[in-house]
Amino acid sequence: MATILELYRIDYWKYRAEGNANIVLQYIGPHSRFRNTVLRLRKANRLDDSGTGLEGTNFGDDTMPMKNLTKESHFATEVIGLLLGQEFVEQLTAVALPPGFLSSLALAMEPSRPESRRQKGIDLAQSVGFLALDHTRFIKSSSGQSDFAVEIKPKWGFLTKSAFLRKDQDIKRRKCRFCMYQHQKIKTGQEYTLSKYCPIDLFSGIELLVQDAVNSLVDTPQNNLRLFVDGLQQPVSRESMTQCLSAPSKSTTTQLQEQQQKLKPQRMEGDDPVDYVKVDSGPVSLTDVLTKILIESPLLRRLGRLQQALDSLDVETVHQLYTYLVERDSVHLPEPTVEEFLETAEAFMGRTDMNAMMTEDQDTFESHNAAGLGFGPEDDLEELPKPLQLHFIREFLLSATLKDCSILITIQKDTSTAAVATPPNATSSSRLEVDAGSPEFHEACHQIKVKEEMFVYKITCIDLDPKKMTSVPMYLKKDRTIVNHYLATVGDREAACGAN
Ligand SMILES: [Zn+2]
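Rules of the game
Residues numbered from 1 in each chain as written. Predicted model: local features only at pLDDT ≥ 70, side-chain atom pairs only at ≥ 80, totals over all residues. Heavy atoms only, no water. UniProt positions renumbered as here; feature names shortened; annotations may be inferred. Donors = N, O, S within 2.8 Å, 3.2 Å for Na, K, Ca; no water. Tetrahedral: all angles 85-135°; square planar, octahedral: opposite > 155°, others 65-115°. Helix = DSSP H or I, 4+ residues; strand = E, 2+ residues; numbered from the N terminus. Buried < 20%, exposed > 50% of the residue type's maximum accessible area, 1.4 Å probe, protein only. Core = buried A, V, L, I, M, F, W, Y, C linked by side-chain atoms within 4.5 Å. Domains from an automatic or database assignment. Axes fitted to C-alpha atoms, helices over the stretch in contact; angles between N-to-C directions. Left-handed = near helix turned anticlockwise from the far one by under 90°. Contact = heavy atoms within 4.5 Å. Nonpolar A, V, L, I, M, F, W, Y, C, P; charged D, E, K, R; others polar. Phe/Tyr/Trp six-rings, centres within 6.5 Å; stacked < 30°, edge-to-face > 60°. Lys NZ or Arg CZ within 6 Å of the ring centre and 35° of its normal.

- Going by an unreviewed UniProt entry, the protein carries the name Inositol-pentakisphosphate 2-kinase and comes from Linnemannia elongata AG-77.
- For the protein, the Catalytic activity (unreviewed entry) comment in UniProt is given as "1D-myo-inositol 1,3,4,5,6-pentakisphosphate + ATP = 1D-myo-inositol hexakisphosphate + ADP + H(+)".

Now the structure itself:
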């Protein structure tokens, strides 16, 4: 593990963004070799919720600390890389975190954090953080061209086809998890309006539906869409998505961003969208480019099909397997190691034709997937061998990781003379090399033509954390709460997701 002394200064780091599990800081220090890097730190629940400040406050972790603290980076690159393809998986480099540095850093970042995220803080118990490439920018930027990045949290891209589903859970075959969850979020005050977005459309591979889904994300971004221009988060609106590619030059854009940043340093969830670049509308919008990339790249299709194939049994049946194992052994099940997750992924790939999975129509894919299980609802699942029961719980956990990840798409106008589109399997790559003991990152870039204009893009999957075996009861509880609330408030009168 790297100990990189140049990193341990508070003023070298700036708040970038955060989700529920992690917080991301951007390097702004003087060392050019870290210019394109971010630091990812785990968050934890606060033990002290008095709200009186951080000094003297302890943070507690609601999960067991990982024995092997570099497990997370190996899990992403080895296990998820095997399933999704290494080229789509974010590279992480573990770095040691001196305790004094971490607590000072947590204190310094607090004022920049949105109120809605402060129920958790930086986990002061972690001794390891992860350096990653800043995927909101390219390693090598063309002079004068801005880098645009869109982070999409696509969530569950399928309706379950589990043959094990009980009749009273039948709604899950018609309404997707995301759309049902929206109603629960309104009830608990997490959101005030329903999202227009439905993941089934985004994952459909049908251009009109994908475009609709992207527009819906722009209209109601919640925490599912973020926009960055030259590494700075910007408000999301139809105007900003339409106009940003028409910005005249990087220097102008930067000036406008700086003015905007002074007025409004960080977009908070629920803020009104603000036009930040007032320039003439151009013919190509960022939405057009995104739609084309999402259709052309194999990543979204692969992600959606893997989510579904690894969750063939649905959480109800997975929880049943979990209960058999826990009751038989009267102990908590140990968390899978990276090696065990890897074995699970390899066994899954052994029974799945991955090439066919990518090309089959939906019905064929689903029937192959069900047949590949080797057992059905007529079988007594308690009689399945213990290793097989464990295997299917672990498959479900892999699916949970893929349901919770984000996709970062970085785009730049291509002003090179060799304006010939390169398909996603033909890549050019850039490399950021740094001193020995420091990370080395590289990125795979593609060209794409949208309405006669050429663009360069890269597409990366981030936030690929391993999920915990002990979370299975929580997953079941949450699922039932969402479904019951949906049935109680909406019922089964709406059009099925993906039916339009
Ligand atoms: Zn839906």
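### Quick notes on the coordination of the zinc ion
For a metal bound by four donors in a tetrahedral arrangement, the ideal donor-metal-donor angle is 109.5 degrees, while six donors in an octahedral arrangement ideally sit at 90 or 180 degrees.
Then, number 1: Looking at the zinc ion, the protein donor atoms are Cys 176 (SG), Cys 179 (SG), Cys 198 (SG) and Cys 497 (SG), and they sit 2.3 to 2.4 Å from it.
Then, number 2: If you look at the zinc ion, its 4 donor atoms make angles of 103 to 116° with each other, and the shape they trace is tetrahedral.
Then, number 3: One chain supplies every donor to the zinc ion, and in sequence these donors are spaced C-x2-C-x18-C-x298-C. With a gap of 299 residues between them, Cys 198 in the loop between helix 3 (177–188) and helix 4 (199–202) and Cys 497 in the segment after helix 15 (472–489) connect regions that are remote in the sequence.
Then, number 4: Since its relative accessible area comes to 9%, Cys 198 is described here as buried.
Then, number 5: Since its relative accessible area comes to 8%, Cys 497 is described here as buried.

### Some remarks on the nonpolar core
The nonpolar side chains of soluble globular proteins are, as a tendency, buried together.
Then, number 1: One finds Leu 84, Leu 202, Leu 286, Leu 306, Ile 393, Leu 398 and Ile 411 to be the most contacted residues of the largest nonpolar core, which totals 88 residues.
Then, number 2: A per-element tally of this core places helix 14 (residues 386–403) first, with 8 residues.
Then, number 3: Shared between two domains, this core takes at least three residues from each, and those domains are domain 1 (5–133) and domain 2 (148–154 + 203–297 + 406–462).
Then, number 4: If you look at the next biggest cluster of nonpolar residues, it comprises 26 residues, including Ile 4, Tyr 8, Tyr 15 and Leu 41.

### Focus on the packing of helix 9 (residues 299–309) against helix 14
Then, number 1: Two elements in contact, helix 9 and helix 14, have axes separated by 8 Å at closest approach and are oriented at 145°. Between helix 9 and helix 14 the crossing geometry is left-handed. Residues Leu 303, Leu 306, Gln 307 and Ala 309 of helix 9 lie in contact with helix 14, whose contacting residues are Glu 395, Ser 399, Leu 402 and Lys 403.
Then, number 2: Partitioning the contact of helix 9 with helix 14 into residue classes produces 4 nonpolar, 2 polar and 2 charged.

### With respect to the packing of aromatic side chains
Then, number 1: Inspection of every chain in the model, using the stated rule, returns 10 aromatic pairs.
Then, number 2: Between Tyr 8 and Phe 101 the ring centres are 5.3 Å apart and the planes differ by 65°, which places this aromatic pair in the edge-to-face class. Residue Tyr 8 is found in the segment before strand 1 (13–18), and its partner Phe 101 is found in helix 2 (residues 99–109); the two are separated by 93 residues along the sequence.
Then, number 3: Phe 101 gets classed as buried once you look at its relative accessible area, which sits at 8%.
Then, number 4: Ring plane angle 75° and centroid distance 5.8 Å describe the contact between Tyr 12 and Tyr 27, whose orientation is recorded as edge-to-face. Residue Tyr 12 is located in the segment before strand 1, and its partner Tyr 27 is located in strand 2 (residues 22–27); the two are separated by 15 residues in the primary sequence.
Then, number 5: The exposure class assigned to Tyr 12 is buried, which follows from its relative accessible area of 11%.
Then, number 6: For Tyr 27, a relative accessible area of 3% puts it in the buried group.
Then, number 7: Among the aromatic residues, ring-to-ring pairing joins Tyr 12, Trp 13, Tyr 27 and Phe 34 into one connected group.
Then, number 8: Residue placement shows Lys 403 over the ring face of Trp 156; its charged tip is 3.9 Å from the ring centre.

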